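Inside the fold
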Amino acid sequence: MATTKSERPAEVQGFWHRAFHLYYDGFRSMTLGKTLWAIILIKLFIIFVVLKVFFFPNFLSSHAEKGEEPEFVATEMLDRASP
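As a starting point, this report considers the structure included with it.

**Re the pattern of salt bridges**
Across all of its chains, the model carries 2 salt bridges by this definition. Of the charged contacts, one joins R28 and D25 as a salt bridge, the two residues approaching to 2.9 Å between their closest N and O atoms. Taken together, the positions of R28 and D25, both in helix α1 (residues 15-28) and 3 residues apart, correspond to about one turn of that helix. In this structure, R80 engages E76 in a salt bridge whose closest nitrogen and oxygen atoms are separated by 3.4 Å. Of the two residues, R80 and E76 are both situated in helix α4 (residues 69-81); the distance of 4 residues between them amounts to about one turn of the helix. Here R80 falls in the exposed class, since its relative accessible area comes to 65%. In this structure E76 comes out as partly exposed when scored by relative accessible area, which is 26%.

What counts, and at which threshold
Residues numbered from 1 in each chain as written. Predicted model: local features only at pLDDT ≥ 70, side-chain atom pairs only at ≥ 80, totals over all residues. Heavy atoms only, no water. Salt bridge = Lys/Arg side-chain N within 4 Å of Asp/Glu carboxyl O. Helix = DSSP H or I, 4+ residues; strand = E, 2+ residues; numbered from the N terminus. Buried < 20%, exposed > 50% of the residue type's maximum accessible area, 1.4 Å probe, protein only.

So, in structure tokens, the structure goes:
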């Protein structure tokens, strides 16, 4: 008699399968946690997308010609390193 994957005892199932079901069941039964995770994801979006666009522009594209970026970085590093 062959057993299917879902009929196997818990100790025989793989680590990844058990870990997935642990988190799946935990997230499914959350009430306040879902709201907190939504806040965390929104904050990460703001940090990595919005702040990068407005506060960290692509400096090389505005100061170095296309294909000359390595030379521009090298000369800037050498100029700033020497007093």
